[in-house]
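# Chain and residue survey
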Amino acid sequence: MALSIGIVGLPNVGKSTLFNALTKARNAAAANYPFCTIEPNKAVVAVPDKRLEQLARIVNPQRIQNAIVEFTDIAGLVKGASKGEGLGNQFLSHIRETSAIVHVVRCFESETIIHVDGTVDPLRDIEVINTELILADMQTLENRISRLEKQVRGDKKAQPLLDMAKKVLEHLGAGKPAGSFDERESEAFLELAGEISLISAKPVIYAANVDEDGLGEDNGHVRAVHKYAAEQNAESVKICAKIEEEMAGMNDEERNEFLASLGVSEGGLDQVIHHGYHALGLISYFTAGPKEVRAWTIERGWKAPKAASVIHDDFERGFIRAEVVAFEDYIAHEGEAGARTAGRLRTEGKEYGVCNGDVMHFLFNV
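Residues numbered from 1 in each chain as written. Predicted model: local features only at pLDDT ≥ 70, side-chain atom pairs only at ≥ 80, totals over all residues. Heavy atoms only, no water.

### With respect to the overall build of the protein
Within the protein, the regular secondary structure consists of 14 helices and 12 strands. Burial statistics for the protein: of 366 residues in total, 49% are counted as buried. Across the protein, every contact between residues at least 6 apart in sequence was considered, and the portion connecting residues at least 24 apart equals 68%. By element, 48% of the accessible surface of the protein is carried by carbon and sulfur atoms, the whole surface being about 17700 Å². (Helix = DSSP H or I, 4+ residues; strand = E, 2+ residues; numbered from the N terminus. Buried < 20%, exposed > 50% of the residue type's maximum accessible area, 1.4 Å probe, protein only. Contact = heavy atoms within 4.5 Å. Areas by Shrake-Rupley, 256 points an atom, 1.4 Å probe, with all protein chains shown as cover.)

Spelled out as structure tokens, the structure:
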């Protein structure tokens, strides 16, 4: 599985600039006017993970394979997008395909970069986008309710789903996103959300986009975004999309030195991905051998057979057992053989919950 993130926001807040920076690809036109991105730009990006390099130094593999994340740069939404304004319907449909949303919010003043509403007000901008996402979900729910009302006449088993849909619609009608619905862990809600992919139920990472001067102490706009995100139990990061784009052509050493000169320890890509993993409850485990050292993305709490399925379905169907070494033990004992000798290699069965950083070898038979 791969993390899929949609980058959204009002026009001219830095979405495409951030996309260019994150993907190190300049195929998303960044222009000083709305709707410069007409089709969503997509790019697959390697997830930075220093643990892979540590494993590779021990194993000396032919190649290193990072986990991946797919970024989608979605054109700027505007007020009325849920009713088709600014090609809104098309863009909203692209958001439904992602697993999480990075909501880029402008947190810097500029006389040369036009703001679609004339002034910089991040909380107002957030409200505009969130309202459009809620309205889009309401339209989708109303259509689903109409079909369920017909279905329930001949199939009473559909009644709980209909009741849930009406509850969620009432919640959305109060201006609240589906992600704050009290019964969102219930079976009926999860079934409903799975059927219609509620946009406002997706995890959100608010990215407060600042200029270079804003990379140090947080300005008032950034503090407001962080406070709002905390109140919504959402993730938030501070980035400078323009600086990130300028660093796109640097190697890792140059990039780290440049970040250090700015007083920043972590770049935008690392921040967004780490927060995305946290918001979605994702972790990585590793496989390590002479051909390849590789990171695999799974959901926290997955049992060993399910975790094995991301390598191949046969691994889950024919699962026998897993040989597991914690990452720290693998490094400390310089590989699988050393860990085995030290008694740090474990044999785990079907009920083992895989931990972040486990180095695993699966035995299966089909």
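### With respect to a negative patch on the surface
Taken together, Asp211, Glu212, Asp213 and Glu246 make up a surface patch of like negative charges. Note that aspartate 211 resides in the loop between strand E6 (204-209) and helix H7 (220-231). (Patch = residues over 30% accessible without salt bridge, like charges linked within 9 Å, V, L, I, M, F, W, Y side chains within 5 Å. Salt bridge = Lys/Arg side-chain N within 4 Å of Asp/Glu carboxyl O. Lys, Arg positive; Asp, Glu negative; His and termini not counted. Charge placed at Lys NZ, Arg CZ, Asp CG, Glu CD.)

### Describing the confidence of the model for the protein
When pLDDT is averaged across the protein, the result is 87; 90% of the residues are at 70 or more. For the protein, per-element mean pLDDT is lowest for helix H3 (residues 88-96), which scores 67, and highest for helix H13 (residues 327-332), which scores 98. Contacts for the low-pLDDT stretch residues 31-38, under 50 throughout, to residues beyond four places or in other chains number 24 contacts. (pLDDT = per-residue confidence, 0-100.)

### Concerning the pattern of salt bridges
Within the structure shown, the criterion is met by 18 salt bridges. Glutamate 231 is paired through a salt bridge with lysine 227; the nearest N and O atoms lie 2.6 Å apart. Placement of the pair is glutamate 231 and lysine 227 together in helix H7, with a separation of four residues, close to one helical turn.

### With respect to the pairing of strand E9 (residues 292-299)
By the criterion of burial, E9 is predominantly enclosed, with six of the eight residues buried. Inspection of the sheet shows strand E3 (residues 63-65) paired to E9 by three bridges, in the parallel sense. Its bridge partner being in E9, isoleucine 64 is matched across the sheet by valine 293. The loop that links strand E8 (residues 282-288) with its antiparallel partner E9 comprises three residues. (Pairing = 2+ DSSP bridges.)

### Considering the nonpolar core
With 48 residues, the main nonpolar core has Ile5, Leu18, Val69, Phe71 and Val102 as its most contacted residues. For valine 69, the residues in contact, after removing those within four places along its chain, are Leu3, Ile5, Ala43, Val44, Val45, Val47 and Ile273. Membership of the second largest hydrophobic core comes to 22 residues, among which are Ile134, Met138, Leu148 and Leu198. (Core = buried A, V, L, I, M, F, W, Y, C linked by side-chain atoms within 4.5 Å.)

### Side note on the sheet that holds E6
On the basis of which strands lie adjacent, the open sheet formed by six strands has the order E2-E4-E1-E5-E6-E7 and mixed pairing. On the outer flanks of this sheet lie strand E2 (41-46) and strand E7 (235-239), each paired with one strand and no other. Along the sheet, successive strands turn relative to each other by an average axial angle of 25°, direction set aside. Pairing of E6 with E7, which is carried by five bridges, proceeds in the parallel orientation. Each bridged residue has a counterpart across the sheet, and for tyrosine 206 the counterpart in E7 is serine 236. With respect to the sheet, helix H10 (residues 268-280) is in contact with strand E1 (3-8), E2, strand E4 (68-73), strand E5 (100-106), E6 and E7, its orientation differing from that of E7 by roughly 180°. (Axes fitted to C-alpha atoms, helices over the stretch in contact; angles between N-to-C directions.)

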